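Working through the structure, step by step
The primary structure of each chain is shown beneath.
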Amino acid sequence: MIRAARALPLLLVLPALLTACGTEKARSGPEPAATGSESLTSGTAPTASAAGSSRQPASAAPGQAEMDERLRGLGIAPEFVYVTEIPGFTLAQQSIGVNGDDGFSVAYWAKDGAVLHLYAERGSAADCPRDHVCRAPAKGQVVRLYGEKVASDVLRRAADALHRPTPGELVPLLPSPRTATAPVQRGDLPPNGDGAPDNSVPGSS
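Cut-off values and rules
Residues numbered from 1 in each chain as written. Predicted model: local features only at pLDDT ≥ 70, side-chain atom pairs only at ≥ 80, totals over all residues. Heavy atoms only, no water. Helix = DSSP H or I, 4+ residues; strand = E, 2+ residues; numbered from the N terminus. 1 Å grid on protein atoms, 1.4 Å probe; cavity = no way out; pocket = protein on both sides within 12 Å on 5 of 7 lines; lining within 4 Å. Points joined across faces, edges and corners; volume = space filled by probe spheres on them. Nonpolar A, V, L, I, M, F, W, Y, C, P; charged D, E, K, R; others polar. Buried < 20%, exposed > 50% of the residue type's maximum accessible area, 1.4 Å probe, protein only. Arc of directions from axis to C-beta. Contact = heavy atoms within 4.5 Å.

**A look at the environment of serine 95**
Topologically, serine 95 is positioned in strand 1 (residues 89-99). Considering only alpha carbons, one finds serine 95 and alanine 107, 12 residues apart in sequence, at a separation of 5.7 Å.

Below you can see the structure in the form of structure tokens.
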């Protein structure tokens, strides 16, 4: 009689435990819709591959100060550097150079053999040569455009498109900065006279 009384509560509780376990098991299953929305809206950390790509900094473009220094190294005053855009013409990098004391010059060429020259220097547009198109972008500056086999209307459009280049525009145009090298090691100079340096290896016969 006592054993039957003890077993009865356990039999009553067991179905409730089984029901609870079944409910919990069903809830622990995957929920594709909820998981997808969470990945778009929650602030969870990205996966290892995504995090790795996002942490890689983009290659930093040279700043204006660096480009100005490179121009001065070529003998060009940065304030005289102007470029233009002309459909069908390509800037010739090898043509970039100094105009006058510290001005700037560059040429553009087309496949039909036409060449457009751009010169920027100190001066005034009032002194523009007859066969040139001139602009005065700043006080004391003049930009002259001259063409070989270039129509006058093309010259005017090129003059209207004059602008100061950004550092990003200058990077592919200017030559790369020279790499500093260590000074050449010379041998010991003789104590007397003007003889040549002694470059022999110490200890060699």
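This is not the end of the story, as more comes after the structure.
**Re empty space enclosed by the protein**
Counted according to the given criterion, the structure contains 1 cavity of 30 Å³ or more. As a volume, the largest cavity reaches approximately 30 Å³. In this structure, the largest cavity is lined by Gln64, Asp68, Leu71, Pro78, Val81, Arg164, Pro165 and Leu170. When residues of the lining of the largest cavity are assigned to their parent elements, the largest contribution, 3 residues, is made by helix 4 (residues 64-73). The class makeup of the residues in the lining of the largest cavity is 5 nonpolar, 1 polar and 2 charged.

**Focus: helix 5 (residues 152-160)**
Every α-helical turn comprises 3.6 residues, leaving residues that sit three or four positions apart pointing alike. Among all positions in helix 5, only Val154, Leu155, Ala158 and Ala159 are buried. Along helix 5, the residues classed as buried sweep out an arc of 140 degrees about the axis, all on the same side. As for helix 5, its buried residues are in contact with strand 1, strand 3 (115-122), strand 4 (133-135) and strand 5 (141-148).

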